Amino acid sequence: MAPKLPPQHSLQHSSSAVAGGQSQEGQSHYPHAAQPKGLMRWLLTTNHKEIGSLYLIFSLTMFFVGGIFALVVRAELFQPGLQLVEPEFFNQMTTMHGLIMVFAAVMPAFTGLANWMIPLQIGAPDMALPRLNNFSFWLLPVAFTLLLSTLFMPGGGPNFGWTFYAPLSTTYAPASTTFFILALHMAGISSILGAINIIATILNMRAPGMRMMDMPLFVWTWLITAFLLIAVMPVLAGVITMMLMDINFGTSFFDAAGGGDPVLFQHLFWFFGHPEVYIMILPAFGIVSAIIPTFARKPLFGYASMVYATGAIALLSFLVWAHHMFIVGLPLTAELFFMYSTMLIAVPTGVKVFNWVTTLFRGSISFEPPMLFALAFVVLFTIGGFSGLMLAIAPADFQYHDTYFVVAHFHYVLVPGAIFAIMAGVYYWLPKWTGHYPNERLAQCHFWCSIIGVNLTFFPMHFAGLAGMPRRIPDYALQFADFNLLSSIGAFFFGASQLLFVLVVVLCVRGGQKAPAKAWEGAVDLEWSVPSPAPLHTFETPPVFHRAQSHD
Amino acid sequence: MWSVVKSVLAALLGVQNDRQRQQDFSNGKPVAFIITAVVVTMMFVLLLAGIAIYAAG
Amino acid sequence: MRLPWQWLLTITSVASLSQAHASSWNMPVGVTDTSRNIFGLHMTIFWVCVVIGVIVFGVMFYSLFRYRHSKGAKAARFHEHTSVEVLWTAIPILILVGMAVPATATLKNMYDASEADLDIMITGQQWRWRYEYLGEDIAYTSNLSTTREQIRGESERDEHYLLDVDEPLVLPINRKVRFLMTSDDVIHSWWVPELAVKQDTIPGFINENWVQINEPGIYRGQCAELCGVNHGFMPIVVHAMEEAEFETWLEERKEAAEQEAMGVDREWAIEELMARGEEVYQSICSSCHQGEGQGAPPAFPALAGNEQLINELDWHLDRVINGVSGAAMPAFRNTLNPVEIAAVVTYTRNAWGNETGDTVQPATVAERIAQ
């Protein structure tokens, strides 16, 4: 996820940009007289490619930070008993792992890919609001430095799980919770600004001739994701502000003693939280929908259905939040409503899987690294979808809820789901970013290690959960020992194999087999019409979009 | 109008053909789709709530 | 060449280990009609997923194998087929409707807590459960009984490591028991897998659930909702008895409670109070203030050598009876009886070098509580 820095702009570079209607005239219009050098260049940059790289590097760093937290958790759970860390610190680790992975690794990675690829895919010279783009990135390091610093504060960092249920996160929370709230506010603002920028770019800056219906699915899914972000991040901001008031200003939103309701917190949190789940998976759908047709050398099956299904999923995602709350004592009617709506949302999601599989059918398939990850995505995400379907059955959820079965479920949709899709996207677009193909041998090695690691880590968790192991416990009864042993071995293996990913990316930035503009034989979208590596400024004169490149 | 409703219902199922999509995107106004989609979603909520209330007895 | 064999050995040994003491890989069938229904739903939806998975992955891997570019496969150009798409949308919807019908029936049954024979109030507290037999004048708390030494690996872990309590919840079989569930502090969740009861206990609100157990036995579970530092250490044990046996137990409990109530009025000797106090301290207080009263500052202050505690008896009593608002220390006014409070206060004032020589009498405590 650390692409090569786009070359500093120079006349040679831009004149090599042959495609997309770049003209000699276009070059003389660079607005910047002298670019700042060194650190200031990165602090002040407004270039979508540089900001995209910053997002991706930030995300990769946080992926490892969150990963180390996970390994602390897995090390403690390696065998029964308390060996390495105290329960208090264990709870901080589970909480921080969740928060960092969701808000600092997965979400910024997708924003980084959006920054890099959306302008290239729609033939725009940059994002619509470049300065805002810079600001929304630089909020993130500040926010997460603050969040991580809470670990060193007296009383420790957040220890109430990434879902921070009140009153554990209000009345009973450590003193650092106020900092946690501020950090989350900043991350939320960053997401909203990023989303506004993406919507403005997609709606206003498409190349002449490119209609909405011609847009690649990655652009489509991001457009819908951006609307979801704008809709739900303010809900998150609201709920953490209510926490802030409860903690510091004597209100009782979530305190029954003062007339409040702890369950209200969960309703608000999950009204944000469930669309958030789709925020983390819809762009992944877009990436996979770009990669599978490329390496099957066959147009995506059911492009129209995919677009409509994405819209349907986005709307339905607002109607299912209480399936996270089946055991808080909802009225029977509410249980039934949310059970039905949850079961139905599986349908458009299933349709997408069917479409990918049908795209493969009678294709001409090759197995380059991006394709390997995309195929693994389809299989393993579907397994996560199956356990999701099981969790939707409300009576059965009384047994599944808050166990390792749930942990297995959401890790299957997030790790081999969202994260594999991100990695697939990185492998797919690395030639465009760096001008080199990633080392195929190493990438394959990374793939197989990841596949083994991910399944060894998360598959046994299904069994542990069904056998009765609750989540978020630092120590467990003896009958869960074998499953936990396997999971811990798998986690360390998976963690170590991600170092291979860094190696592949670094090697690819530094050199490797040269990639042509159209790096993959079956690739069709607009980004493949600019040279590899993509020069710092592309499409300064809008390209003419040919219908032949569209999806029909 | 009917074609807009039909497209929105198709979206709810997650199935749409390319010809209809071409038509939606060349003739339809986005606002019409968004409003229809929101209305249809609300009707869907009411329908589902109705079934839930009925089933709960 | 030896390496694969070593791997195989490891794998088989892990597998045999599993058989040695893993009770199951799957959800327990359980001992109530509800748990059996849930198990049925669970297995049905599981097999539905397996069948869909076999078909989808079958087509996928067939395509991957059959249409390899390296074998010269030529890609077709089709990209749409509305009737196929409608079909594969309609079939899952039908399957889901098929699942929804039995799920709805089971859920309705689970929500019907009416006409119960016995009501039990379950209260979650950081980090123990309190059970109150409503209308029977019996109430007690249930604490983890696994020793610190076992958790720290200083002694052999027993069979029910982390799943043992000092006082289990005792229930009759074949009778409908209604649970009223609440919490004194944060949200907990009372879960016993074999009874298929999992319900959040929410401070300030009361949730309802019920159970009718078919077979006598001992059923174990744990708190399922993160409730703070000792979330992993508040197990649940249910002892289900034949009805006659349960009635006997109930009578014995009532008698013991009366005995205890009489104990309030008499004068207790310091040795008696110390002995009783140590029991109470170890089961209730030591999870936070630690076994030797050394505490775990800043959250849990030390009691040994605590100046304020030693010098101010009144302050000490007040803390135990009324708790500390905004901190982890709960009010024990309703959780412990006057004898227990008197004993534990006496104990903490005379243990670990706190040699005040004070004795606190149960009558004094009862008076304080009555104020």
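An unreviewed UniProt entry annotates chain C as Cytochrome c oxidase subunit 2 of Vreelandella aquamarina. Its UniProt record, at the heading Function (unreviewed entry), says of chain C: "Subunits I and II form the functional core of the enzyme complex. Electrons originating in cytochrome c are transferred via heme a and Cu(A) to the binuclear center formed by heme a3 and Cu(B)." As recorded by UniProt, the Catalytic activity (unreviewed entry) comment attached to chain C reads in full: "4 Fe(II)-[cytochrome c] + O2 + 8 H(+)(in) = 4 Fe(III)-[cytochrome c] + 2 H2O + 4 H(+)(out)".

Per an unreviewed UniProt entry, chain A carries the name Cytochrome c oxidase subunit 1 and comes from Vreelandella aquamarina. In its Sequence similarities (unreviewed entry) section, the UniProt entry covering chain A states "Belongs to the heme-copper respiratory oxidase family." Recorded under Catalytic activity (unreviewed entry), the UniProt text for chain A is reproduced unchanged: "4 Fe(II)-[cytochrome c] + O2 + 8 H(+)(in) = 4 Fe(III)-[cytochrome c] + 2 H2O + 4 H(+)(out)".

Caption draft 1: Broad picture of the overall build of chain C. Within chain C one finds ten helices and ten strands. For 371 residues, the compact-globule estimate of 2.2 N^0.38 gives 21 Å, and the C-alpha radius of gyration of chain C, at 28 Å, exceeds that figure by more than 25%. With respect to the principal axes defined by its C-alpha atoms, chain C has extents near 95 × 60 × 40 Å. By sequence separation, contacts in chain C at least 24 residues apart represent 63% of the contacts at least 6 residues apart. Carbon and sulfur atoms make up 56% of the accessible area of chain C, which totals about 17,700 Å².

Caption draft 2: Layout of the pattern of salt bridges. The full count for this structure, using the stated rule, is 20 salt bridges over all chains. Close ionic contact of Glu50(A) with Arg41(A) constitutes a salt bridge, the shortest N to O distance being 2.3 Å. Beyond isolated ion pairs, a larger network of salt bridges with shared partners links Asp119(C), Arg178(C) and Glu208(C).

Caption draft 3: Examining the domain arrangement of chain A more closely. All names here are of chain A. Domain assignment breaks chain A into domain 1 (37-78 + 131-251) and domain 2 (275-507). Relative placement of domain 1 and domain 2: their C-alpha centres are 21 Å apart. Between domain 1 and domain 2, the contact holds 30 residues from the first and 43 residues from the second. The contact between domain 1 and domain 2 buries some 2,900 Å² in all, and 77% of this surface belongs to carbon and sulfur atoms. Broken down residue by residue, the surface that domain 1 buries against domain 2 is led by Arg74, Leu217 and Leu228, which jointly contribute 23%. Inspection of the region where domain 1 meets domain 2 yields zero salt bridges. On inspection of domain 1 and its partner domain 2, the count reaches seven residue pairs in polar contact (both at pLDDT 80 or more). At the level of secondary structure, the elements contributing two or more residues to the side of domain 1 that touches domain 2 comprise helix 3 (48-76) and helix 7 (217-248). With twelve residues, helix 7 is the largest single contributor of residues to the side of domain 1 that touches domain 2.

Caption draft 4: Local environment of the confidence of the model for chain A. On average, residues of chain A score 90 in pLDDT, and 93% of them reach the 70 mark or higher. Ignoring residues within four places in sequence, the model shows residues 1-29 of chain A, a span with pLDDT below 50, making 64 contacts including any to other chains.

Caption draft 5: Main features of the packing of aromatic side chains. All names here are of chain A. For the coordinates displayed, the defined rule picks out 63 aromatic pairs over all chains. Taking 5.4 Å as the distance between ring centres and 65° as the angle between the ring planes, the aromatic pair formed by Phe160 and Phe180 counts as edge-to-face. Here the residue Phe160 occupies a position in the loop between helix 5 (130-149) and helix 6 (177-204), and Phe180 occupies one in helix 6, the gap between them amounting to 20 residues. The class of Phe160 is buried, set by a relative accessible area of 2%. When the centroid spacing of 5.8 Å and the interplanar angle of 75° are considered together, the rings of Phe459 and Phe463 count as edge-to-face. Taken as a pair, Phe459 and Phe463 lie in helix 15 (residues 440-466) at a separation of four residues, close to a single helical turn.

Caption draft 6: Structural view of the interface of chain B and chain A. Contacts between the two partners involve 24 residues from chain B and, on the opposite side, 23 residues from chain A. Both sides of the chain B and chain A interface together cover about 2,100 Å² of buried area, and 75% of this is carbon and sulfur. Across the chain B-chain A interface, the total number found is zero salt bridges. At the junction of chain B and chain A, the tally comes to zero residue pairs in polar contact (both at pLDDT 80 or more). For the side of chain B that touches chain A, the elements supplying multiple residues, two or more each, are helix 1 (2-13), helix 2 (18-27) and helix 3 (30-56) of chain B. Here the element with the most residues in the side of chain B that touches chain A is helix 3 of chain B; it accounts for eleven residues. Looking at the side of chain B that touches chain A residue by residue, the class counts come to 15 nonpolar, six polar and three charged.

Caption draft 7: A look at the packing of helix 4 (residues 87-122) of chain A against helix 14 (residues 404-434) of chain A. All names here are of chain A. Close contact between helix 4 and helix 14 brings their axes to 11 Å; oriented N to C, the two are set at 35°. Crossing of helix 4 against helix 14: the hand is left-handed. Across the interface between the two elements, His97, Val106, Ala109, Phe110, Leu113, Trp116, Met117, Leu120 and Gln121 from helix 4 touch His411, Ala418, Ile419, Ile422, Trp429, Lys432 and Trp433 from helix 14. When the residues that make up the contact of helix 4 with helix 14 are grouped by side-chain class, the tally is twelve nonpolar, three polar and one charged.

Conventions and cut-offs
Residues numbered from 1 in each chain as written. Chains lettered and ligands numbered in written order. Predicted model: local features only at pLDDT ≥ 70, side-chain atom pairs only at ≥ 80, totals over all residues. Heavy atoms only, no water. UniProt positions renumbered as here; feature names shortened; annotations may be inferred. Helix = DSSP H or I, 4+ residues; strand = E, 2+ residues; numbered from the N terminus. Rg over C-alpha atoms; globule rule 2.2 N^0.38 Å. Contact = heavy atoms within 4.5 Å. Areas by Shrake-Rupley, 256 points an atom, 1.4 Å probe, with all protein chains shown as cover. Salt bridge = Lys/Arg side-chain N within 4 Å of Asp/Glu carboxyl O. Domains from an automatic or database assignment. Buried area = accessible area lost by both parts, 1.4 Å probe. Polar contact = N/O pair within 3.5 Å; in protein donor to acceptor, adjacent residues only side chain to side chain. pLDDT = per-residue confidence, 0-100. Phe/Tyr/Trp six-rings, centres within 6.5 Å; stacked < 30°, edge-to-face > 60°. Buried < 20%, exposed > 50% of the residue type's maximum accessible area, 1.4 Å probe, protein only. Nonpolar A, V, L, I, M, F, W, Y, C, P; charged D, E, K, R; others polar. Axes fitted to C-alpha atoms, helices over the stretch in contact; angles between N-to-C directions. Left-handed = near helix turned anticlockwise from the far one by under 90°.

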